[in-house]
Amino acid sequence: RSHAAVIAVGKGVQHSTIKAALAAAGSGDTVLVHSGTYKEGNLVIDKPLALIGVGRPILDGELKYEIISVKSSHVLIKGLHLQNCGRMVMSDPGAIKAYDVEYVVVEDNTLLNNYFGVYFQYSKHCIVKNNRITASQKVESQSANGVHLWKCDSMQIIGNKVHGHRDGIYLEFVTASVVWRNVAHYNLRYGLHFMFSHSCAYITNYFKQNGAGVAVMFTKRVIMINNTFEESWGDAAYGVLFKELSDCYLSGNKFYKNTTGIFFDGTNRI
């Protein structure tokens, strides 16, 4: 088609459900979801499109469903309130979970009381920006991570506020990515946790009163500049824990009121 369409969802407009609008949409279309509460189970986005909220509509997973599953590249998700995704430990559901995609943007959403917040796996060139991600679980075993990346490359995690999850931001097998201007506080385990994630940069993030600030493990070529690590207290709490790390550059970081500021374990060329 030569022109993209705008498809509206809400009372008194084209479609009353988001599922119907997604089914009717073509590649490149925009689905505008007007304010209201939508309980539609799992929504699958399998074509390139924009899903945008007007007036912060609420998508409720009823503690049973993964709310949005992204299975297409070139998708924008913006302006939604997503809450109460499912809690299945075996399938790791998220409020927004993206599967093997590129050029997906998740921006300016509010996520409340989910298991995983935003989860990308096997993905490249995606952006998670300016989202507010809050959970209220009290123990690690019942909680998952706010922003979770698994086997990804060239990702940007920018300006998010993550509170009350297991780890605020978690990266495993992630390369050539940047974590910039995020605030991670009051998370149960780590504000930022990354393993086997090479050639990444962590710049101007703020970590406060997490179980520990940041854990960096089994990783090469790390740049950490102008981050703040504050009030990590406890038996095994650190501002930063470096374990089996090499070729790391640290500059301009601030450490306030941590049990231990920086703990190096098996590190070299720092």
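Residues numbered from 1 in each chain as written. Predicted model: local features only at pLDDT ≥ 70, side-chain atom pairs only at ≥ 80, totals over all residues. Heavy atoms only, no water.

Colleague: Even after reading the chapter, I still don't get the pairing of strand 25 (residues 212–225), so can you show me in this structure?
Modeller: Strand residues, when the strand is regular, have side chains that alternate between the two faces of the sheet. Judged from the five bridges that link them, strand 22 (residues 190–195) and strand 25 form a sheet pairing that is parallel. Paired with Leu 192 across the two strands is Val 214, which belongs to strand 25. Pairing geometry for strand 23 (residues 200–203) and strand 25, over four bridges, is parallel. Paired with Ile 203 across the bridge in strand 25 is Ile 225. Sheet topology note: the strand 25/strand 27 (residues 238–251) ladder contains 10 bridges and is parallel. Directly across from Val 214, in strand 27, lies its bridge partner Val 240. (Pairing = 2+ DSSP bridges. Helix = DSSP H or I, 4+ residues; strand = E, 2+ residues; numbered from the N terminus.)

Colleague: In this structure, what is going on with empty space enclosed by the protein? I would like to understand it.
Modeller: Any empty space left between atoms is shown by rolling a water-sized probe over those atoms. Taken as a whole and assessed by the stated rule, the structure comprises one cavity of 30 Å³ or more. Of the volumes computed, that of the largest cavity is approximately 40 Å³. The wall of the largest cavity is formed by Ile 18, Tyr 38, Glu 40, Gly 41, Leu 43, Leu 59, Asp 60 and Ile 67. Looking at the lining of the largest cavity residue by residue, the class counts come to five nonpolar, one polar and two charged. (1 Å grid on protein atoms, 1.4 Å probe; cavity = no way out; pocket = protein on both sides within 12 Å on 5 of 7 lines; lining within 4 Å. Points joined across faces, edges and corners; volume = space filled by probe spheres on them. Nonpolar A, V, L, I, M, F, W, Y, C, P; charged D, E, K, R; others polar.)

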